[in-house]
Amino acid sequence: MVGRVDHEAVVARIVEESGWSPRYAFMTMMSAGIAVLGLLLSSPAVVIGAMLISPLMNPILGFGFSLALFDFRELRRSLKALALGAIAAVAFTALIVTISPLQAPTAEIVARTRPNLFDLAVALFAALAGSFAIIRGRGETIVGVAIATALMPPLAVVGYGIATRNVPVGAGAFALFVTNFITIALSATAMARFYGFGHHLSRRQSWMQTIVLLLVFVVMAVPLGISLNRIGREAVAVSQARSLLTNRFGDDARVTQLDLDFAAEPLVVRAVVIAPRGKTQKTPTIQAALTEALGRPIRLDLDQILLDPGAGALEAQREELRQAGEAPSPDAQRMASLAKMIALVTGVAAEDVTIDRDHRRATAPAAILPGASLATYRALEARAAAGTEGWTVVIVPPQGPLPEVAFADNVDSLDAAARSAVATSIWAARRWNIQGLGVPGLPPGAMPASPNLVERRALAIASLLRGQGITPVPAPPAGQRFVLVTGMTPPAP
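Residues numbered from 1 in each chain as written. Predicted model: local features only at pLDDT ≥ 70, side-chain atom pairs only at ≥ 80, totals over all residues. Heavy atoms only, no water.

1. Brief notes about the overall build of the chain
Right, so step 1: In terms of regular secondary structure, the chain is built from 18 helices and nine strands.
Right, so step 2: Each of the 493 residues in the chain was classed as buried or not, and the buried ones make up 42%.
Right, so step 3: Accessible surface, the chain as shown: approximately 25800 Å² in total, 61% of it carbon and sulfur. (Helix = DSSP H or I, 4+ residues; strand = E, 2+ residues; numbered from the N terminus. Buried < 20%, exposed > 50% of the residue type's maximum accessible area, 1.4 Å probe, protein only. Areas by Shrake-Rupley, 256 points an atom, 1.4 Å probe, with all protein chains shown as cover.)

Shown next, in the form of structure tokens:
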């Protein structure tokens, strides 16, 4: 079997195609561009097109064969080509995503962010097939191997993660690329050794190389196996939740939407069920049943769309489309009331109020109210929060001057009114995402040995600011009265 292989011709072909070249750079960037567009459009056909023209397989096979031959010069050459190609692909895809109006994560993107043991198996089988095709001179089958290994789409997702500042997505896709790269390279090494490449090495070196390859595969398989197990448990949990809802509402019901947020604590289950009017269920009862079935605490957000007996499929579809407006859940009704109340307080429309039901937080920008000061907006926020038990209310006031902090004659301590003014300034700084506030009279650098009255007053204010996580910075004086102003210069290091 080994004797029928032209070793010199195979090595020459691999060396010729595994290095950096203008053609390699152009094809890599074009493949990356096609891949990221296919991912953003969630088009598997376009993604497959990117896999077909991706040249990244060549330097990886060159790396694998150089390991078998202990040719470190070719190893460095292949690694350089792979690294430059990967960097060019990530940079090009990040640029495309940055200027693209479509940046929402699609199913094609999400599918490449959680590598598992099956990805390792796919890369292993594909690499063995690719190495066989190269060695036996049947290189045309490498096209099918490129589809299976999918080297370019993970790199495109890395660029997407960088452009959208989504670290989990970018890190997961990079882990998938590294898994494919190492598996393909080491599988190519094993296939090359099987076909007699590097036969001039001693038997001891060959056995040591085999042992190292096996250890690397085992080390890679452990975390990927754990990931596969987690994905399997999540799939089982989704199936259990769907089965329980179907059993509780009956065969005539339909679970049209089911989403489990496994990253939340407790587990958040969101579901929409269309059922006959007589099959209504109490949400706390369903939540208790799901908690028992899944074996962990959950929070259930359940919307029940109740239809009259005899309602046909068309009516069911219409009801499903109108579910948000015509059949809101009790929780949805509470959120709508909360948004209306905050809108009334802040003087904005209800749709301008942002409701985060997962974190039970409501945020709204306040309209400019004639004669209102920052203390007025702070009091409005406190009043709104008092009427929303269990929710955090955040009102962002319009930009304006901070309150004056007044001192009595020849006094350097803060009375109750002055402390309240500083507290209001700190509240406004947090709402405006300001990290530092300017304090007139604050001495720059080290504290003077004998501060004067103005400096002592500034130091008293600075102490309160630091206690609340706001950085005080020196600011020019503002007239006869001591005024706290927003610092337009960056805080001191």
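Next comes the rest of the account.
2. Section: the sheet that holds strand S6 (residues 392–396)
Right, so step 1: With mixed pairing, the three strands of this open sheet are ordered in space as S4-S5-S6. Of all the strands in the sheet, just strand S4 (354–356) and S6 have a single pairing partner and so form its edges. Going across the sheet, the axis of each strand differs from the next one's by a mean of 15 degrees, ignoring polarity.
Right, so step 2: Pairing of strand S5 (residues 361–365) with S6, which is carried by five bridges, proceeds in the parallel orientation. From the neighbouring strand, threonine 363 faces S6, where its bridge partner is valine 394. (Pairing = 2+ DSSP bridges. Axes fitted to C-alpha atoms, helices over the stretch in contact; angles between N-to-C directions.)

3. Looking at the side chain of threonine 93
Right, so step 1: On the secondary structure map, threonine 93 appears in helix H5 (residues 72–99).
Right, so step 2: A residue is classified by how much of its surface remains accessible, and threonine 93, at 0% relative accessible area, is buried.
Right, so step 3: Of the polar contacts made by the side chain of threonine 93, one reaches the backbone oxygen of alanine 89; its length is 2.9 Å.
Right, so step 4: Discounting chain neighbours no more than four positions away, the residues touching threonine 93 are Ala32, Val36, Leu155, Ala156 and Gly159. (Polar contact = N/O pair within 3.5 Å; in protein donor to acceptor, adjacent residues only side chain to side chain. Contact = heavy atoms within 4.5 Å.)

4. Notes on the packing of aromatic side chains
Right, so step 1: A complete count under the given rule lists two aromatic pairs for this structure.
Right, so step 2: With a centroid separation of 5.6 Å and an interplanar angle of 75 degrees, the aromatic rings of tryptophan 20 and tyrosine 24 are classed as edge-to-face.
Right, so step 3: Relative accessible area serves as the criterion here: at 3%, tyrosine 24 is assigned to the buried category.
Right, so step 4: Measuring from centroid to centroid gives 5.6 Å for phenylalanine 63 and phenylalanine 181, while their planes differ by 50 degrees, and the two rings are tilted. Placement of the pair is phenylalanine 63 in helix H4 (residues 57–69) and phenylalanine 181 in helix H10 (residues 167–194), with a sequence separation of 118 residues.
Right, so step 5: Exposure remark for phenylalanine 63: the relative accessible area of 14% places this residue in the buried category.
Right, so step 6: Given the relative accessible area of 15%, phenylalanine 181 is considered buried. (Phe/Tyr/Trp six-rings, centres within 6.5 Å; stacked < 30°, edge-to-face > 60°.)

5. What about the pairing of strand S8 (residues 471–475)?
Right, so step 1: Note that strand S7 (residues 436–440) and S8 share five bridges and pair parallel. Residue pairing across strands places valine 439 opposite proline 474, the latter belonging to S8.
Right, so step 2: Viewed along the sheet, the connection from S7 through helix H18 (residues 453–467) into S8 turns out right-handed. (Right-handed = clockwise from strand over helix to strand, strands pointing away.)

6. Things to note about the environment of proline 401
Right, so step 1: The topology assignment puts proline 401 in the loop between S6 and helix H17 (416–431).
Right, so step 2: Owing to a relative accessible area of 73%, proline 401 belongs among the exposed residues under this scheme.
Right, so step 3: Counting along the chain gives 28 residues from proline 401 to serine 373, while the straight-line C-alpha distance between them is 8.5 Å.

7. Describing the environment of leucine 128
Right, so step 1: When you line up the elements, leucine 128 lands in helix H7 (residues 117–135).
Right, so step 2: When the C-alpha atoms of leucine 128 and alanine 190 are compared, they prove to be 8.6 Å apart, with 62 residues separating the residues in sequence.
Right, so step 3: Dropping the residues within four chain positions of it, leucine 128 is found in contact with Ser187 and Met191.

8. Thoughts on unusual backbone geometry
Right, so step 1: Positive phi values are uncommon outside glycine, yet serine 42 reaches one of about 55 degrees.
Right, so step 2: Checked against the element boundaries, serine 42 lands in the loop between helix H2 (22–41) and helix H3 (44–53).
Right, so step 3: Classification of serine 42 by relative accessible area gives partly exposed; the value is 31%.
Right, so step 4: If you check the backbone angles, arginine 165 has positive phi at about 55 degrees while not being a glycine.
Right, so step 5: Turning to its location among the elements, arginine 165 is positioned in the loop between helix H9 (152–163) and H10.
Right, so step 6: Residue arginine 165 is classed as exposed on the basis of its relative accessible area, which comes to 75%.

9. Some details on H2
Right, so step 1: A rise of 1.5 Å per residue sets the reference length of H2, with its 20 residues, at 28 Å; its end C-alpha atoms lie 29 Å apart and thus fit the reference within 8%.
Right, so step 2: Taken residue by residue, H2 has Tyr24, Ala25, Thr28, Ser31, Ala32, Gly33, Ala35, Val36, Gly38, Leu39 and Leu40 as its buried positions.
Right, so step 3: At its buried positions, H2 is contacted by H3, H4, H5, helix H6 (107–110) and H9.
Right, so step 4: Just downstream of H2 lies serine 42, where phi reads positive at about 55 degrees. (Expected span 1.5 Å × (residues − 1).)

10. Re the confidence of the model for the chain
Right, so step 1: Summing up the model confidence of the chain, the mean pLDDT is 76 and the portion of residues at 70 or higher is 79%.
Right, so step 2: A low-confidence stretch, residues 316–321 (pLDDT under 50), is modelled with nine contacts involving residues beyond four sequence positions or located in other chains.
Right, so step 3: In the predicted structure, residues 477–493 sits below a pLDDT of 50 and forms 46 contacts with residues beyond four places in sequence or in another chain. (pLDDT = per-residue confidence, 0-100.)

11. Describing the pattern of salt bridges
Right, so step 1: Using the criterion set out here, one finds five salt bridges in the structure.
Right, so step 2: For the salt bridge of glutamate 108 with arginine 112, the shortest nitrogen-to-oxygen distance reads 3.0 Å. Taken as a pair, glutamate 108 and arginine 112 share a single burial class, namely buried.
Right, so step 3: Where aspartate 412 meets arginine 456, a salt bridge forms, and the shortest distance between an N and an O atom there is 2.8 Å. Here the residue aspartate 412 occupies a position in the loop between S6 and H17, and arginine 456 occupies one in helix H18, the gap between them amounting to 44 residues.
Right, so step 4: Classification of arginine 456 as partly exposed rests on a relative accessible area of 33%. (Salt bridge = Lys/Arg side-chain N within 4 Å of Asp/Glu carboxyl O.)

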